[in-house]
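Below are the chains, spelled out letter by letter.
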2 protein chains.
Amino acid sequence: MLRRFGSARASLEMVPQLARRGERSKTVTAVTRSEAEAELTALHRAGARMIFWGEPLYPGALAAIDDAPTILTVLGRAELLERPMVAVVGARNASANGRRFSRDLAASLGRGGVVVVSGLARGIDAAAHLGALETGSVAVVAGGVDVVYPAENRGLHEALARDGAIVAELPLGTEPQARHFPRRNRIISGMALGVVVVEAAARSGSLITARLALEQGRDVFAVPGSPLDPRCRGSNDLLRHGATLTESGEDVLSQLGPLLERTPQPRPAQSVETPNVQSWPRLDASDLAKDDSGFELILERLGPAPVAVDELVRQCHLSAAAMATLLLELELAGRVERHPGNLIYCAST
Amino acid sequence: MLRRFGSARASLEMVPQLARRGERSKTVTAVTRSEAEAELTALHRAGARMIFWGEPLYPGALAAIDDAPTILTVLGRAELLERPMVAVVGARNASANGRRFSRDLAASLGRGGVVVVSGLARGIDAAAHLGALETGSVAVVAGGVDVVYPAENRGLHEALARDGAIVAELPLGTEPQARHFPRRNRIISGMALGVVVVEAAARSGSLITARLALEQGRDVFAVPGSPLDPRCRGSNDLLRHGATLTESGEDVLSQLGPLLERTPQPRPAQSVETPNVQSWPRLDASDLAKDDSGFELILERLGPAPVAVDELVRQCHLSAAAMATLLLELELAGRVERHPGNLIYCAST
């Protein structure tokens, strides 16, 4: 919208009009100035801050994914987000050995100069956060940064808010719900250069993170385990399908070596009003001219089953930039919805 | 020698002459008729028999390796050797889980129609033999088939002699020594279509079997295990280097599928005097003419470090058949020795 309408203010003013155009039954209301100010005050009170896509502290790897969050709320040491990160994730009901391995692995990655990111769940996640607490530990949570979940992780939540960082896409006070977790997982893998899976059962959430990591072009690492332990079924399956076998932090660091050595590009600081709009691909006049016919082109190709945006681009003979703008309008109009992995489907109206 | 001299009798008569030609200090004596007859009588008494390279019962896969044993002594159901085999090997000090897995795996392979071959060692080997005892279990031992080793496997030795088969390259009564084990391992992998390694420490004997299996073109399978267990270091390392990750018998059977379905070629029965000499590549006159100059060609390229026969063939511009004959003569003359994997080096004289 920034690209299409030139500024955040102009974009916000367009929202009701775009929503009407889509004949959406529900009213779409942008946040009001007073609501926004109240949220910023609450953030300030909680000791948290917002980081916007395009700002220097916004994690570079995450900024590059298709569906990068526009806003991240961060509690704790936001400067950790600038450093190279590796995700360590796994089973909630992890074995004692799995927890110990996870903690040692995280500590070893920390000594190697890497910030460890995980999901602040029980089991493997908690052990990974603990292991990297001294060197740099970032938790991405499914709810708001101020909501402790699960309750048993209260102590770890407090420690991370002080010595590490807690990151959320959703606003303060949001209670995490089942549907939030896959969206959260894309941020974990998106922030990281690689994802290490320690003890994951078949069809577990950690495998979703691993799949998202692959889609995002991240390296996937898995720790082998006994075939007699169902908690290792998923991680062994990742190995079977090409994940890098991991027995130590060194296995991860040596594989990521070239990525870790690359100095992050300094990015110019941007105002909140126009986060580096300059660097985005611009629409040209012909793209804009196509817009209205474009809606029909897209909608006739969509159904309840999700379709990849790339596939839509090919089938509609539109540029990727034009497609992005059209889909944004259709989303605002409530006509289409997005799945993680940049899949689009018709909204049930 | 059969190829060179036309018959077993003529070959035996040539041995002393060949040995003299190499200026070997020790006398090489072929077995005498009475010695041979005594051995056959002892075999008969022990309920064992000999199987010669080229005979129908000689395992087809083993016959194809470079350094296939000329004679196998078999105690028990020799007919098991005709069926497709898979080796299951691993740590002597295996974990309880490793033993259980090994036994279940062997039983599952047996149900899949495969004979399980192993080394009758403690731990993984013993468990594998037990699991496949009903369906078909073959032990290849480093000493003689009548020598129980280790003592704790006496019961299993007796069970295999009755319901399975015990196979040895060395004569009855031979006590196994450390140097016999790698030679024994080449027979285990050579008989098998694939080798499954369950729990193997770094630098363990099971890894030698795996390496020999690779050199023999066999599939190598490895069972994943916790990085915290040193008994899994070697097997995990095999996975890292491309072994097929194995969590069940089905993983092995599906990978070997095409090999298992191939009906074994019926081979014509041969007399002991001339085991299918007809099917061996014959030397032509020019090969024979090169022989004497060939000795020098080979010896000047050899030192104490082992060299692959293939490399010698390339460097000496000799045919593989001529090389085989020359090396045999040099071996008989005590000038060269062989390592497993068809490596040759100068004998220290």
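Residues numbered from 1 in each chain as written. Chains lettered and ligands numbered in written order. Predicted model: local features only at pLDDT ≥ 70, side-chain atom pairs only at ≥ 80, totals over all residues. Heavy atoms only, no water.

1. Describing the overall build of chain A
Note the following rule: By the criteria applied, helices consist of DSSP H or I runs no shorter than four residues and strands consist of E runs no shorter than two, each listed in order from the N terminus. Remark: exposure states derive from per-residue accessible area (1.4 Å probe, protein chains only) relative to the maximum for the residue type, with buried under 20%, exposed over 50%, and partly exposed in between. Contacts: residue pairs with any heavy atoms within 4.5 Å of one another. Note on areas: these come from Shrake-Rupley sampling with a 1.4 Å probe, and a residue is covered only by the protein chains present in the view.
When you go through chain A residue by residue, the secondary structure sums to 15 helices and twelve strands. The proportion of buried residues among the 349 residues of chain A is 51%. Relative to all contacts within chain A whose residues are 6 or more apart in sequence, the contacts with residues 24 or more apart total 70%. As presented, chain A carries roughly 16300 Å² of accessible surface, and 52% of it is formed by carbon and sulfur atoms.

2. Examining the confidence of the model for chain A
All names here are of chain A. Filter applied, for reference: Scored from 0 to 100, pLDDT records how confident the predictor is in each individual residue.
Looking at chain A as a whole, the pLDDT averages 86, with 88% of positions reaching at least 70. For the stretch residues 263-291, pLDDT sits under 50, and the model shows 48 contacts to residues farther than four places along the chain or on other chains. Scored as a complex, the prediction yields pTM 0.75 and ipTM 0.72.

3. Some thoughts on helix H11 (residues 249-261) of chain A
Quick note on the threshold: In this scheme, the bend at a residue equals the angle between the axes fitted to the seven residues that finish there and the seven that begin there.
Taken as a whole, H11 of chain A carries its principal kink of about 55° at Gln-255 of chain A; the proline Pro-258 of chain A stands between one and four residues after it. Of the positions making up H11 of chain A, those classed as buried are Gly-249, Asp-251, Val-252, Leu-253, Leu-256 and Gly-257 of chain A. Those residues of H11 of chain A that are buried lie in contact with strand S3 (85-90), helix H5 (96-111), strand S7 (194-198), strand S8 (219-222) and strand S9 (244-245) of chain A together with helix H10 (233-240) of chain B.

4. Comments concerning the packing of H5 of chain A against H11 of chain A
When two helices pack together, their arrangement is given by the angle between the helix axes and the distance between those axes. Residues and elements named next belong to chain A. Defined as follows: Where helices are involved, their axes are fitted lines through C-alpha atoms of the stretch in contact, as for all axes, and angles between N-to-C directions lie from 0 to 180°. Put simply, angles under 35 degrees are roughly parallel, angles over 145 are roughly antiparallel, angles from 65 to 115 are roughly perpendicular, and the rest are oblique. Left-handed describes a crossing whose near helix is turned anticlockwise from the far helix by less than a right angle; the clockwise case is right-handed. Under the scheme applied here, ten amino acids are nonpolar (Ala, Val, Leu, Ile, Met, Phe, Trp, Tyr, Cys and Pro), four are charged (Asp, Glu, Lys and Arg), and all others, including Gly, are polar.
Orientation of H5 relative to H11, taken along the N-to-C sense of each, is 40°, at an axis distance of 8 Å. Comparing the axis directions of H5 and H11 gives the class oblique. In this structure, H5 meets H11 at a crossing whose hand is right-handed. Residues Leu-105, Ser-108 and Leu-109 of H5 form the contact with H11, whose participating residues are Gly-249, Glu-250, Val-252 and Leu-253. Grouping the amino acids of the contact of H5 with H11 by side-chain chemistry returns four nonpolar, two polar and one charged.

5. Quick notes on the relation of the copies chain B and chain A
Our working rule: A least-squares superposition brings the copies together, and it is based on the C-alpha atoms of residues with pLDDT no lower than 70 in both.
For the pair chain B and chain A, the best superposition has an RMSD of 0.1 Å and corresponds to a rotation of 179° with a translation of 0.1 Å parallel to the axis. Each copy turns onto its partner about a two-fold axis. Ranked by how close their C-alpha atoms come to the rotation axis, the residues of chain B are headed by Gly-225 of chain B, at 2.1 Å. Mapped onto chain A, 100% of the interface residues of chain B are again interface residues, and the two copies thus contact each other with one and the same surface.

6. Quick word on the interface of chain B and chain A
Interface size, as often reported, equals the accessible area lost upon joining of the parts. Put simply, the rule reads: Buried area, as used here, totals the accessible surface that two parts lose on assembly, with accessibility defined by a 1.4 Å probe and the loss added over both. Note on definitions: salt bridges are taken to be side-chain nitrogens of Lys or Arg within 4 Å of carboxyl oxygens of Asp or Glu. A 3.5 Å cut-off defines polar contacts: any pair of N or O atoms within that distance qualifies, except that in protein one atom must be a possible hydrogen donor and the other a possible acceptor, and neighbouring residues in sequence count only when both atoms are side-chain atoms.
Facing the 18 residues of chain B at the interface are 18 residues of chain A. Taking both sides of the interface into account, the surface hidden between chain B and chain A amounts to around 1500 Å²; carbon and sulfur atoms contribute 61%. Per-residue buried area on chain B facing chain A is highest for Leu-228, Arg-240 and Glu-247 of chain B; these three make up 39% of the total on that side. Counting every contact that joins chain B to chain A gives four salt bridges. A salt bridge links Glu-247 of chain B to Arg-240 of chain A; its shortest N-O distance comes to 2.5 Å. For the interface between chain B and chain A, the tally reads eight residue pairs in polar contact (both at pLDDT 80 or more). Residue contributions to the side of chain B that touches chain A peak at four residues, all from H10 of chain B. Its residues placed into classes, the side of chain B that touches chain A shows eight nonpolar, five polar and five charged.

7. Examining the packing of aromatic side chains
Aromatic ring pairs: the centre-centre distance and the angle between the two ring planes describe each pair. Residues and elements named next belong to chain A. Here is the rule we go by: Pairing of aromatic side chains here covers Phe, Tyr and the six-membered ring of Trp, requires ring centres within 6.5 Å, and sorts the geometry by plane angle: under 30 degrees stacked, over 60 edge-to-face, intermediate tilted. The rule for a charge over a ring is simple: NZ of Lys or CZ of Arg within 6 Å of the ring centre, and within 35 degrees of the ring normal.
Inspection of the entire model under this criterion finds two aromatic pairs over all chains. Residues Tyr-149 and Phe-181 carry aromatic rings whose centres are separated by 6.2 Å and whose planes lie at 55° to one another, so their mutual orientation is tilted. Of this pair, Tyr-149 sits in the loop between strand S5 (137-141) and helix H7 (154-163) while Phe-181 sits in helix H8 (residues 180-191); the two residues are 32 residues apart in sequence, bridging distant segments of the chain. On the basis of relative accessibility, which here comes to 18%, the residue Phe-181 falls in the buried class. Cation over ring: Arg-92 sits above Phe-181, and NZ or CZ is 6.0 Å from the ring centre.

8. Some words on the packing of helix H13 (residues 309-316) of chain B against helix H14 (residues 320-332) of chain B
Residues and elements named next belong to chain B. At a closest axis distance of 10 Å, the pairing of H13 and H14 adopts a crossing angle of 110°. Relative to H14, the element H13 lies roughly perpendicular. Crossing angle aside, the handedness with which H13 passes H14 is right-handed. Each of Val-309, Leu-312, Val-313 and Cys-316 in H13 lies in contact with H14, whose residues at this interface are Ala-320, Met-323 and Leu-327. Considering only residue class, the contact of H13 with H14 consists of seven nonpolar, no polar and no charged.

9. With respect to unusual backbone geometry
Residue and element names in this part refer to chain A. Cis geometry marks the peptide bond from Tyr-149 to Pro-150; its omega dihedral reads -10°. Within the secondary structure layout, Pro-150 lies in the loop between S5 and H7. In the Ramachandran plot, His-317 falls in the positive-phi region, its phi being about 55° despite a non-glycine side chain. With respect to the helices, strands and loops of the structure, His-317 is situated in the loop between helix H14 (309-316) and helix H15 (320-332). A relative accessible area of 66% means that His-317 is categorised as exposed.

10. As for the pattern of salt bridges
As enumerated under the stated definition, the model contains 33 salt bridges over all chains in all. The residue Asp-104 of chain B makes a salt bridge to Arg-100 of chain B at a minimum N-O spacing of 4.0 Å. Of this pair, Asp-104 of chain B and Arg-100 of chain B both sit in helix H5 (residues 96-111), separated by four residues, roughly a single helical turn. When salt bridges with common partners are traced through the structure, they connect Asp-67, Glu-169, Arg-183 and Arg-186 of chain A into a single cluster.

11. Here's the deal with the nonpolar core
Applicable threshold: The criterion is simple. A nonpolar core is a set of buried Ala, Val, Leu, Ile, Met, Phe, Trp, Tyr and Cys residues joined through side-chain atoms within 4.5 Å.
Counting 75 residues, the largest nonpolar core has Val-117, Val-138 and Met-191 of chain A together with Val-117, Val-138 and Met-191 of chain B as the members making the most contacts within it. Apart from residues no more than four positions distant in its own chain, Val-117 of chain A is found in contact with Met-85, Val-86, Ala-87, Val-88, Val-138, Val-140, Ile-188, Met-191 and Ala-192 of chain A.

12. Quick notes on the environment of Glu-175 of chain A
Residue and element names in this part refer to chain A. If you trace the backbone, Glu-175 turns up in the loop between strand S6 (165-168) and H8. A relative accessible area of 52% places Glu-175 in the exposed class. Excluding residues within four positions of it along the chain, Glu-175 makes contact with Gly-143, Val-147 and His-180.

13. A look at the environment of Ala-42 of chain B
Mapped onto the elements of the fold, Ala-42 of chain B is located in helix H3 (residues 33-46). With 42 residues separating them along the chain, Ala-42 of chain B and Pro-84 of chain B place their C-alpha atoms 30 Å apart.

14. Section: the sheet that holds strand S8 (residues 219-222) of chain B
Residues and elements named next belong to chain B. Spelled out, the test is: Here, strands pair whenever DSSP counts at least two bridges between them.
Across the sheet, nine strands lie side by side as S1-S2-S6-S5-S4-S3-S7-S8-S9; this open sheet has mixed pairing. The open sheet is flanked by strand S1 (48-52) and strand S9 (244-245), the only strands paired with a single partner. Bridge count between strand S5 (residues 137-141) and strand S6 (residues 165-168): four bridges; the pairing is parallel. Bridge pairing links Val-138 to Ala-165 in S6. Contacts from helix H7 (residues 154-163) reach strand S2 (71-76), S5 and S6 within the one sheet, and its direction differs from that of S6 by about 100°.

15. A closer look at the side chain of Asp-125 of chain A
Residues and elements named next belong to chain A. Quick note on the threshold: His is not counted, nor are the chain ends; Lys and Arg add positive charge and Asp and Glu add negative charge.
If you trace the backbone, Asp-125 turns up in helix H6 (residues 124-131). Although Asp-125 is buried, it makes no salt bridge; Arg-184 carries the closest opposite charge, 5.2 Å away. One polar contact links the side chain of Asp-125 to the main-chain amide nitrogen of Gly-119, over a distance of 3.0 Å. Here the side chain of Asp-125 touches Ala-121 through a polar contact of 3.5 Å, landing on its backbone nitrogen. Filtering out sequence-adjacent residues up to four positions away, Asp-125 remains in contact with Val-88, Val-89, Gly-90, Ser-118, Gly-119 and Leu-120.

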